[in-house]
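# Notes for the structure review
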Amino acid sequence: GVKLHTTRSWEFMGLEQDGVATSQSLWKKSKYGKDAIIATLDTGVWPESESFSDKGLGPVPSRWKGACADKQIKCNKKLIGARYYNKGFDKNYGGNLTSVYRTVLDYQGHGTHTLSTAGGSFVPKASLFGNGNGTAKGGSPQARVAAYKVCWPPLNSPECVTSDILAGFEAAIGDGVDVLSMSIGGPQRDYKEDGLAIGAFHAVQHGITVVASAGNSGPDSSTVTNGKIVVCLLGGLDYGTEKGLVVQNAGGVGYILANDIDSKDAALQQTDLDFLPASHITYKDSQTLLSYINVTKNPYAYITNLKTYVGSKKRAPVMAPFSSVGPNPVDPEILKPDITAPGVRIIAAYTGLVAPSPVPQDTRRVKFSILSGTSMSCPHISGIVGLLKSLHPQWSPAAIRSAIMTTATTEDNNKKPISESTGQPATPLNYGAGHVNPNKAADPGLVYDLAEDDYLNFLCAKGYTEKDLKAIALKPYKCPKSTSLLDLNYPSIAVPRLNGSAITIPREVKNVGTPGTYTVKVEAPAGVSVKVEPASLKFDKAGEVKKFSVTLKAVGKLATEFVFGSFVWSDGKHQVRSPIVVGA
């Protein structure tokens, strides 16, 4: 994720400037995602939010087969579907669930936030306590949205049970969604044991693009008021808001949250939701502050109002410390993550049923809240997918993924390589192909496409039996005589172990632009030779497919565990870039 609000993140990605769609904006080309149908598998929805207003929308697309299967939810021409699935959760918990667990209404806020980020309508003057003020909107503001509630407030059991998630997938497929946004996940496991992977495969079989978050397991890597400002060390209570409540009850009027020695590398927490004026400082700054307090007879401090800065010169995007990092733990031959998008301090619609913080004493209610995580990045991509689906309804899920990946940028706003939060250069193991660039994704030139059989051949290469394949694909499938995990026609190349012998990897690209000749330019990883054959591809018409191969060979001992490079196909107008990751 990167540090932006949804009142600003779409402008950061070039879809608008000063609130107006630019001439090259994917918004303008796709009519703001008109009539794309975007759904979430999440914690439900708060239908009262202005983000789900249907003002100005025409009739619901006739292809829609869904419904509002909850009497507590009033759908409209924007929010066109709402269903909930709780049988698996109910069985795990032991039955006797309260009414909270028998409705699509969002009792956690997460689902409302993600759905509005993907496809929320324009809402002016959106803010959280005056912070992040601007017009909130989703990536596809003219899309229709649907909520499939499969996650529940935890009761000593998993929040999202696999059987409920699969039921949600099945319903979304039958209802006719175009994009399925899934900001949920769990431990990685083999595909035939992974309900999320199986559900996603079934969705792709029906032409639905599934977008999933990569997880938040990455490295650790106010008003001026007279009174006492307390310094609290990070640790102990789970949330800053809890610390604020303790300080308030003790008579304090503000507090400074300081990283201690045990948490010196912890990320700075947001203080938007605190009951009191607050600030979070690093371990280094905390030592300076504590030194000042210890040597000063009457130490004095004040906390100024929180401000939202627009057009900051600070480097962006920057990889968030919580963002999960590759390589892919199941199949390192497939580079993961695919892409990165805004995910830090995202302001979007929130439920009116619970407080914005998890503190029991918090009785506040907000229309919008600020959340961070790859759960917030995921619906940004889902919204962009909705735009691409509106513009190119014939594109497959693989073609859409390819367009997003091959047009991504690996540079920040200062034309320097994207960095980690520590300031060190990030790599494809952090950001995949790079940071999404929606306007360029509208016209990628070439795409790496995949058919259903390509995925099944990949599973064949993993050693899946015909019985395994039938259980997953719901039809018989016979494996080819020979296939490799590296053969999957993905827009990136990852070789987990490159030893002495050369490895040749096949790829093919489809022309989705005008006729032209593309030539390749290679940036080889350190210690690796890369040869692309042929070095030129001539396309006479749209839809034409050309094959090529990429041969990699170690030319010395790799300096680090992983080395990185890329190759780019260009016709002078399009730059079709694929990252290369090679492991020792």
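Quick notes on the rules
- Residues numbered from 1 in each chain as written.
- Predicted model: local features only at pLDDT ≥ 70, side-chain atom pairs only at ≥ 80, totals over all residues.
- Heavy atoms only, no water.
- UniProt positions renumbered as here; feature names shortened; annotations may be inferred.
- Helix = DSSP H or I, 4+ residues; strand = E, 2+ residues; numbered from the N terminus.
- Buried < 20%, exposed > 50% of the residue type's maximum accessible area, 1.4 Å probe, protein only.
- Contact = heavy atoms within 4.5 Å.
- Pairing = 2+ DSSP bridges.
- Axes fitted to C-alpha atoms, helices over the stretch in contact; angles between N-to-C directions.
- Core = buried A, V, L, I, M, F, W, Y, C linked by side-chain atoms within 4.5 Å.
- Domains from an automatic or database assignment.
- Parallel < 35°, antiparallel > 145°, perpendicular 65-115°, else oblique.
- Left-handed = near helix turned anticlockwise from the far one by under 90°.
- Nonpolar A, V, L, I, M, F, W, Y, C, P; charged D, E, K, R; others polar.
- Expected span 1.5 Å × (residues − 1).
- Salt bridge = Lys/Arg side-chain N within 4 Å of Asp/Glu carboxyl O.
- Buried area = accessible area lost by both parts, 1.4 Å probe.
- Polar contact = N/O pair within 3.5 Å; in protein donor to acceptor, adjacent residues only side chain to side chain.

If you check an unreviewed UniProt entry, the protein chain appears there as Subtilisin-like protease from Kalanchoe fedtschenkoi. Database annotation for the protein chain, UniProt heading Sequence similarities (unreviewed entry): "Belongs to the peptidase S8 family."

Mapped onto the present numbering, the UniProt feature "active site" (unreviewed entry) falls at Asp42, His110 and Ser375. Within the fold, Asp42 resides in strand E3 (residues 37-42). Judged by its relative accessible area of 2%, Asp42 falls in the buried class. Excluding residues within four positions of it along the chain, Asp42 makes contact with His110, Gly111, Thr114, Tyr148, Lys149, Val150, Cys151 and Ser183.

The strand order E4-E7-E3-E8-E9 describes an open sheet built from 5 strands, whose pairing is parallel. The open sheet has two edge strands with one neighbour each: strand E4 (79-84) and strand E9 (209-212). Averaged over all pairs of adjacent strands, the angle between their axes in this sheet comes to 15 degrees, without regard to strand direction. In this sheet, strand E8 (residues 179-182) lies alongside E3 in parallel orientation, the contact comprising 3 bridges. Looking at the pairing, Thr40 lines up with Ser181 of E8. The sheet contacts of helix H4 (residues 110-119) involve E3, E4 and strand E7 (144-149), and relative to E3 the element is tilted by about 160 degrees.

Ile381, Ile384, Ile404 and Val436 are the most contacted members of the largest nonpolar core, which has 50 residues in total. Those elements giving two or more residues to this core turn out to be helix H2 (26-29), helix H6 (195-205), helix H9 (374-391), helix H10 (397-406), helix H13 (452-461) and helix H14 (466-473). In this structure, this core is formed jointly by two domains, domain 1 (8-224 + 325-412) and domain 2 (445-450 + 489-583), each of which donates at least three residues. When neighbours within four sequence positions are excluded, Ile384 is seen to be in contact with Trp10, Met13, Leu26, Ile404, Val436 and Pro438. In this structure, Val520, Leu537, Phe539 and Val576 belong to the second largest nonpolar core, which totals 27 residues.

Bringing the pairing of E8 into the picture now. Regular strands place side chains that alternate from one sheet face to the opposite one. Both faces of E8 are covered, namely the face carrying Val179 and Ser181 and the face carrying Leu180 and Met182. Relative to E9, E8 runs parallel, the two sharing 4 bridges. Pairing of Met182 across the sheet is with Ala212, part of E9.

A pair of packed helices is characterised by two quantities: the angle between their axes and the separation of those axes. It is the contact of H4 with H9, at a shortest axis distance of 7 Å, that shows an interaxial angle of 30 degrees. Considered as vectors, H4 and H9 are oriented roughly parallel to each other. Crossing hand, H4 versus H9: right-handed. Mapping the contact onto sequence places His110, His113, Thr114, Thr117 and Ala118 in H4 and Ser375, Met376, Pro379, His380, Ser382 and Gly383 in H9. Tallied by class, the residues present in the contact of H4 with H9 amount to 3 nonpolar, 8 polar and no charged.

Quick look at helix H5 (residues 162-175) now. With 14 residues, H5 extends 20 Å from end C-alpha to end C-alpha; this agrees with the ideal 20 Å at 1.5 Å per step. Within H5, the full set of buried residues consists of Asp164, Ile165, Gly168, Phe169, Ala171, Ala172, Ile173 and Asp175. One or two positions beyond H5, positive phi appears at Gly176, with a value near 100 degrees.

Turning our attention to H13. Those residues of H13 lying buried are Tyr455, Leu456, Asn457, Phe458, Leu459 and Cys460. Those residues of H13 that are buried are in contact with H6, H10 and H14.

Below, the discussion takes up the pattern of salt bridges. For the structure on display, the rule yields 19 salt bridges. One salt bridge in this structure joins Asp468 and Lys192, with 3.4 Å as the shortest N-O distance. Of the charged contacts, one joins Asp449 and Lys510 as a salt bridge, the two residues approaching to 3.1 Å between their closest N and O atoms. With Asp449 in the loop between strand E17 (446-447) and H13 and Lys510 in strand E19 (residues 503-511), this residue pair connects regions lying 61 residues apart in the sequence. In the salt-bridge network here, residues are joined through shared partners; they are Asp190, Asp331 and Lys462.

Contact geometry for H6 and H13: axes closest at 10 Å, N-to-C directions at 150 degrees. The angle between H6 and H13 places the two elements in the roughly antiparallel class. Residues Phe201, Val204 and Gln205 of H6 touch H13, and the partners they reach there are Glu452, Tyr455 and Leu456. When its residues are assigned to classes, the contact of H6 with H13 shows 4 nonpolar, 1 polar and 1 charged.

Considering the arrangement of structural elements, one finds Leu388 in helix H9. The sequence separation of Leu388 and Leu245 amounts to 143 residues, and the corresponding C-alpha distance is 46 Å.

Strand order in the open sheet made by the 5 strands is E18-E25-E24-E20-E22, with mixed pairing throughout. Two strands lie at the open edges of the sheet, namely strand E18 (493-495) and strand E22 (536-539), each paired on one side alone. Sheet twist, expressed as the mean angle between neighbouring strand axes with direction ignored, is 20 degrees. One ladder, built from 3 bridges, connects E18 with strand E25 (residues 575-583); its direction is parallel. Paired with Ala494 across the strands is Val581, a residue of E25.

Segmenting the protein chain into domains produces domain 1 (8-224 + 325-412) and domain 2 (445-450 + 489-583). A C-alpha centroid distance of 32 Å is found between domain 1 and domain 2. If you look at the interface, domain 1 gives 17 residues, while domain 2 gives 17 residues. Summing both partners gives a buried area of about 1500 Å² for domain 1 against domain 2, and 65% of it is carried by carbon and sulfur. Our count for the contact surface shared by domain 1 and domain 2 stands at 0 salt bridges. Remark: the boundary between domain 1 and domain 2 carries 5 residue pairs in polar contact (both at pLDDT 80 or more). Taken together, the residues of the side of domain 1 that touches domain 2 sort by class into 9 nonpolar, 4 polar and 4 charged.

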